[in-house]
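Notes for the structure review
Given next are the chains, with one letter for each unit.
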Amino acid sequence: HLIAFDASATHGEHTVTGDTTLNEPVVRQYFRLNRTDVKGFLNGYGPTFTNVFDQASNRSLLSFDYYLDPERSVDDAVSDIQMLSKLNKQRPYFLPIHVREWSTVMKVEQIIAKLNPAAYEVTPIDRFFRLANQYHTFVTRYT
């Protein structure tokens, strides 16, 4: 299951500004959700840095580490992803990427094609969270 907030049909400005990192009480509410079919949560519509593994429910809540700006070139996006990988040395490194409707599938495919498949793996979201829940190598962070 995927819960997605889509502000594209709103009227007026809908750009999120400021820090949207979640606090601990809000994160705990997500983990209290009594749904065994939900393996994890993605957070982010703007700048956000919440990363938490909940041992009791064996689920993670991760914020998008990268926003694929539709104006960013393929080579620059590849360089950004490689830099994030270098900065985050703990392996496995889980990199949720926020791809908006303004980016194209072709652009995403071009980015993936330029990443070394021995170092980077694109996974379906259920596998992503299965791995993140098993190897919670991210730093726990709230507001």
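Procedures and definitions
- One numbering rule holds for all chains: residues counted from 1, following each sequence as written.
- Residues qualify for local features only when their pLDDT is at least 70, as the model is predicted, and side-chain atom pairs are given and counted only at 80 or more; totals for whole chains, interfaces and linings, by contrast, use all residues.
- No hydrogens and no water enter the side-chain calculation; it runs on all heavy atoms of the structure.
- A run of H or I in DSSP becomes a helix once it reaches four residues, and a run of E becomes a strand once it reaches two; helices and strands are each numbered from the N terminus.
- The buried label applies to any residue whose accessible area, calculated with a 1.4 Å probe on protein chains only, is under 20% of its type's maximum; exposed applies above 50%, and partly exposed to all values in between.
- The contact criterion used throughout is that any non-hydrogen atoms of two residues lie within 4.5 Å.
- Here, Shrake-Rupley sampling with a 1.4 Å probe gives the accessible areas, and only protein chains in the shown set may cover a residue.
- Summarising the geometry, the arc corresponds to the directions from the helix axis toward the C-beta atoms.

So, the overall build of the chain
From N to C terminus, the chain includes four helices and five strands. The helix and strand sequence of the chain, counted from the amino end, reads α-β-β-β-β-α-β-α-α. Across the 143 residues that make up the chain, the buried fraction comes to 31%. Counting only contacts in the chain whose residues sit at least 6 apart along the sequence, the fraction spanning at least 24 positions is 69%. Summed over its atoms, the accessible surface of the chain is roughly 9,600 Å², and 55% of this surface lies on carbon and sulfur atoms.

Some remarks on helix α4 (residues 125-134)
Along α4, the residues classified as buried are F128, F129, A132 and N133. The buried residues of α4 occupy one face: seen down the axis, they fall within an arc of 125 degrees. In this structure, the buried residues of α4 make contact with β1 (40-43), β2 (51-54) and β3 (59-63).

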